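# Reading the structure
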Amino acid sequence: MMRSAICSLFLLAFTALLAPGAKFDGSPSAPVRLELFSDFECPHCRELHMGTMYLLKNEYVKQGKVYLMHHDIALPIHPHARVAALYADAAQQIGKYDEVANALFARQTEWSNSGNVDGAVAAVLTAADMTKVRALVSDKKVIAEFDADMAQAVKRQLQETPTMVMIHKLKEYPVRGNVEYTFVKRFVDQLLSK
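In this report, the structure presented in the accompanying data block is examined.

Reading the values: rules and limits
- Residues numbered from 1 in each chain as written.
- Predicted model: local features only at pLDDT ≥ 70, side-chain atom pairs only at ≥ 80, totals over all residues.
- Heavy atoms only, no water.
- Helix = DSSP H or I, 4+ residues; strand = E, 2+ residues; numbered from the N terminus.
- Buried < 20%, exposed > 50% of the residue type's maximum accessible area, 1.4 Å probe, protein only.
- Disulfide = S-S within 2.5 Å.
- Arc of directions from axis to C-beta.
- Contact = heavy atoms within 4.5 Å.
- Pairing = 2+ DSSP bridges.
- Phe/Tyr/Trp six-rings, centres within 6.5 Å; stacked < 30°, edge-to-face > 60°.
- Core = buried A, V, L, I, M, F, W, Y, C linked by side-chain atoms within 4.5 Å.
- Salt bridge = Lys/Arg side-chain N within 4 Å of Asp/Glu carboxyl O.

### Quick look at the environment of Asn116
Here Asn116 lies in the loop between α5 (108-114) and α6 (117-122). For Asn116, a relative accessible area of 41% gives the class partly exposed. Spatially, the C-alpha atoms of Asn116 and Ala84 are 9.4 Å apart, while their sequence positions differ by 32 residues.

Rendered as structure tokens:
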């Protein structure tokens with residue numbers, strides 16, 4: 001019991017250090033943790049982000065029931081996904097992760113065809129923020145964060161994106177593909193009722 005309380009306090013303290021708009025969203029003490037592995041250049045990840053995840057964030061993450069962790073990865077078949085992930089991770093450093101992630105998914109077809117990730121990100125950030133993000137894209141800390149996300153995907157032997165891993169009471173439940181919100185809602189409700 002004491003160990004659990006100490007872990008919870010540590011997690012709360014760590015999360016307080018994260019910038020707003022970070023890759024972590026919600027309360028770290030939520031009963032369900034959801035780790036999302038997605039690729040900014042994946043059309044199925046785009047659909048999941050713009051549909052299911054938007055609804056999930058409003059109904060469960062903001063209500064303190066689900067703690068959401070994004071892992072931005074790049075599949076080998078997507079030539080610009082790594083750069084997009086680095087831009088999003090750089091934007092996290094200045095508290096603009098959500099804005100950049102939303103823009104990358106909304107403009108996916110455009111930058112995926114042209115390779116102009118920078119232009120898609122510049123469309124939603126101020127010139128000052130864009131200067132910071134451009135400087136951070138090649139920062140060792142940002143690259144290490146991307147590498148850590150990729151290592152997590154390899155460790156979990158993920159073969160496709162998007163993949164969600166729901167964790168409840170130390171048990172992991174992988175959910176693969178672009179799943180409808182109604183399915184995710186039922187699944188989360190089942191976990192919450194245990």
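So that's the structure; there's more coming.
### A short note on the state of the cysteines
Enumeration according to the criterion identifies zero disulfides in this entry. No disulfide involves Cys42; its nearest neighbouring cysteine sulfur is the one of Cys45, lying 3.2 Å away. In this structure Cys42 comes out as buried when scored by relative accessible area, which is 3%. A relative accessible area of 2% means that Cys45 is categorised as buried.

### Quick look at helix α7 (residues 127-136)
Buried residues of α7: Asp129, Met130 and Val133, and no others. Viewed end-on, α7 has its buried residues packed into an arc of 100 degrees, placing them on one side of the element. Exposed residues pointing more than 90 degrees away from the buried face of α7 are listed as Ala127, Thr131 and Ala135. Next to the buried residues of α7 lie α3 (81-92) and α6.

### Digging into the sheet that holds strand β5 (residues 171-176)
The strand order across the open sheet formed by five strands is β1-β3-β2-β4-β5, and the pairing between neighbours is mixed. The sheet is open, and its two borders are formed by β1 (24-25) and β5, each paired with just one other strand. Here five bridges tie strand β2 (residues 32-38) to strand β4 (residues 163-168), and the two strands are oriented antiparallel to one another. When the bridges of β4 are listed, Leu36 appears paired with Met164.

### Some details on the packing of aromatic side chains
Scanning the model with the defined rule gives three aromatic pairs in all. Through a chain of ring-to-ring contacts, three or more aromatic side chains come together here, namely Tyr173, Phe183 and Phe187.

### Concerning the nonpolar core
Judged by nonpolar contacts, the single largest core of 27 residues is most densely connected at Phe40, Leu104 and Val121. It is α3 that provides the largest number of residues to this core, a total of eight residues. Look past the residues within four positions of Val121 in its chain and what remains in contact with it is Tyr87, Val100, Leu104 and Met130. Counting residues in hydrophobic clusters, the runner-up holds 19 residues, among them Leu36, Tyr60, Val61 and Val179.

### Details of the side chain of His71
As for its position among the elements, His71 is in strand β3 (residues 66-72). With residues near it in sequence (within four places) discarded, His71 still touches Glu35, Leu36, Phe37, Ser38, Asp149 and Gln152.

### Remarks on the pattern of salt bridges
Considering all chains together, one arrives at 14 salt bridges under this definition. Between Lys23 and Asp89 there is a salt bridge; the shortest N-O distance is 3.1 Å. Of the two residues, Lys23 is situated in the loop between α1 (2-16) and β1 and Asp89 in helix α3; the sequence distance between them amounts to 66 residues. For the pair shown, Lys23 and Asp89 are each scored as buried. Salt-bridge contacts for Glu172 lead to Arg156; the nearest nitrogen and oxygen are separated by 3.0 Å.

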